[in-house]
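# Observations on the three-dimensional arrangement
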Amino acid sequence: MKKITVVGAGGKVGTAISYALVSRSIPTELVLMDINEKKARGEAEDLRHCAAFTDTMNIRYGDVEETANSDIIIISAGAPQEANITRLTPLKKNVAIYKSMVPDLAKNSPDAIFLIVTNPVDILTRLTIELTGFPKERVIGSGTLLDTSRLKYYLGQTFNISPNNIEGYMLGEHGDTQFAAWSLLRFAGIAFDDFLEMKGEKFTDSERKELEDKIRKVAFEIVACKGGTDLAIGLSIATIVDCILNDKKLVYPLSSLIEDAYGYSNICLSLPTVIGREGVLEKWVPKLNDEEIQFFKASCEAMKEYTDIMFEELNK
Ligand code: NAD
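Residues numbered from 1 in each chain as written. Predicted model: local features only at pLDDT ≥ 70, side-chain atom pairs only at ≥ 80, totals over all residues. Heavy atoms only, no water.

## Digging into the site of the ligand
Taken together, 24 residues lie around the ligand, and Val13, Asp34, Gln81, Asn119 and Ser142 are the ones closest in. Serine 142 is positioned such that a nitrogen or oxygen atom in its side chain is 2.9 Å from a nitrogen atom of the ligand. In isolation the ligand exposes 870 Å². Once the protein is present, 88% of that is buried. Of all elements in the fold, only α1 (12-23) and α3 (91-108) reach the threshold of two or more residues within the shell around the ligand. (Near = heavy atom within 4 Å. Polar contact = N/O pair within 3.5 Å; in protein donor to acceptor, adjacent residues only side chain to side chain. Areas by Shrake-Rupley, 256 points an atom, 1.4 Å probe, with all protein chains shown as cover. Helix = DSSP H or I, 4+ residues; strand = E, 2+ residues; numbered from the N terminus.)

## Topic: helix α7 (residues 205-226)
In this model, α7 (22 residues) spans 32 Å end to end at C-alpha, consistent with the 32 Å of a helix rising 1.5 Å per residue. Looking at α7, one finds that the buried residues are Arg208, Leu211, Glu212, Ile215, Arg216, Val218, Ala219, Phe220 and Val223. Each element contacted by the buried residues of α7 is listed here: α5 (145-159), β8 (170-171), β9 (179-180) and α6 (192-199). Where α7 ends, the next residue or the one after it, glycine 227, has phi of about 85°, a positive value. (Expected span 1.5 Å × (residues − 1). Buried < 20%, exposed > 50% of the residue type's maximum accessible area, 1.4 Å probe, protein only. Contact = heavy atoms within 4.5 Å.)

## Re α1
Taking 1.5 Å of rise per residue, 12 residues should cover 16 Å, and α1 covers 16 Å from first to last C-alpha, within 8% of that figure. Listed in full, the buried residues belonging to α1 are Val13, Gly14, Ala16, Ile17, Ser18, Ala20, Leu21 and Val22. Contacts from the buried residues of α1 go to β1 (3-7), β2 (29-33), α2 (37-48), β3 (58-61), β4 (72-75) and α8 (231-245). Immediately beyond the C-terminal end of α1, within one or two residues, lies serine 25, with a positive phi of roughly 50°.

## Overview of the nonpolar core
Side chains of a nonpolar character, in soluble globular proteins, are inclined to be buried together. Judged by nonpolar contacts, the single largest core of 45 residues is most densely connected at Ile75, Tyr98, Leu105, Phe114, Ile258 and Phe296. Listing elements by their share of this core, those giving two or more residues are β4, α3, β5 (113-116), α4 (121-132), β13 (268-276) and α9 (290-314). Those residues within four positions of phenylalanine 114 in sequence are excluded, and the remaining contacts are Ile73, Ile75, Val102, Leu105, Ala106, Thr128, Thr132, Phe134, Arg138, Val139 and Ile140. Counting 36 residues, the second largest nonpolar core, distinct from the first, contains Ile17, Leu115, Leu146 and Tyr252. (Core = buried A, V, L, I, M, F, W, Y, C linked by side-chain atoms within 4.5 Å.)

## As for the packing of aromatic side chains
Applying the stated rule across the entire model yields 13 aromatic pairs. Taken together, a centroid distance of 5.7 Å and an interplanar angle of 85° make the contact between phenylalanine 159 and phenylalanine 187 edge-to-face. Placement of phenylalanine 159 in helix α5 and of phenylalanine 187 in strand β10 (residues 186-187) is noted, with a sequence separation of 28 residues between them. Neither residue differs from the other here; phenylalanine 159 and phenylalanine 187 are each classed as buried. Ring geometry for phenylalanine 179 and phenylalanine 295: centres 6.1 Å apart, planes at 35°, overall tilted. In this pair, phenylalanine 179 is assigned in strand β9 and phenylalanine 295 in helix α9, connecting sequence segments 116 residues apart. Residue phenylalanine 179 is classed as buried on the basis of its relative accessible area of 1%. Judged by its relative accessible area of 28%, phenylalanine 295 is partly exposed. (Phe/Tyr/Trp six-rings, centres within 6.5 Å; stacked < 30°, edge-to-face > 60°.)

## Structural notes on the sheet that holds strand β7 (residues 166-167)
Judged by pairing direction, the sheet is antiparallel, and its three strands sit side by side in the order β7-β10-β11 without closing on themselves. Here the strands that pair on one side only, and so sit at the sheet edges, are β7 and β11 (190-191). Pairing analysis gives two bridges linking β10 to β11, with the strands arranged antiparallel. Each bridged residue has a counterpart across the sheet, and for arginine 186 the counterpart in β11 is alanine 191. (Pairing = 2+ DSSP bridges.)

Read these as geometric descriptors, not functional statements.
This is how it looks when you write it as structure tokens:
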């Protein structure tokens, strides 16, 4: 049995996650929970009609009792996405939503892995560790996985190569302080600077900054066009779920608790993370160059500040 719960399943992101899970036949049981029961019931019925094209699975709307003994609980419930705000803006609203539901979800599924998607995802991942009391390995945020996919996509377009042959990461906060770890970037195993030299091409510092800036902001361009981003995060989450359930031990830039990473501990943000059936198997602290270390520290400082605000809200 592979029982998955999606909380916020009536929303855009929850719907995209559920569809990605079903279309890849990942769960055997899928429970859709949302405060908007009618919408979640509608999504469940629609998804059940995928039956002839996927492996048969039990898909249903459920309240918190129905979610009991889930293997993975994915949460995208929260305030709607908006253009022209930062991902940190809805923090207080979403802390209140998490406080109202995460303890009950955890009580009903004491062995589950929580997968956090709601923004600000790094802060809510930290909050979920606190609200569940679970070992830190069993609380994971989607972090900069989607941003990293964007990095690979744009570089693939620029250099006419498949994103699947590009290894590298956006690291830090899933937000304004994220940065590209250029020193770790590899094209089919060849270090980026060596690749450029081999091809006789250039990718200047200002082009690098421009691309990082595009990646930081592109979600808001999409929000302005269609009211939110949903499809790519849906597939990102299905990929993580598949990695967990099948104990694949793949390395993704995901948000989880860091311990002594360049001197920072006790906050959540993205570093290369080995993922398997027990959740986080290893959190790597790779050697970065001096400039990247400064960016990483700036991201940690931002997360520290907002984690403090989160704890103030939690203790109100
Ligand atoms: P949405 O408004 O479409 O959906 C949110 C859903 O949450 C709604 O269906 C709402 O009814 C539900 N909800 C609210 N309070 C609830 C509660 N107490 N219990 C159960 N359900 C509740 O918003 P969306 O576009 O789906 O975005 C959801 C979240 O995902 C946002 O925080 C957004 O920023 C985030 N997001 C994260 C990433 C990422 O990379 N991590 C990417 C895209 C969006």
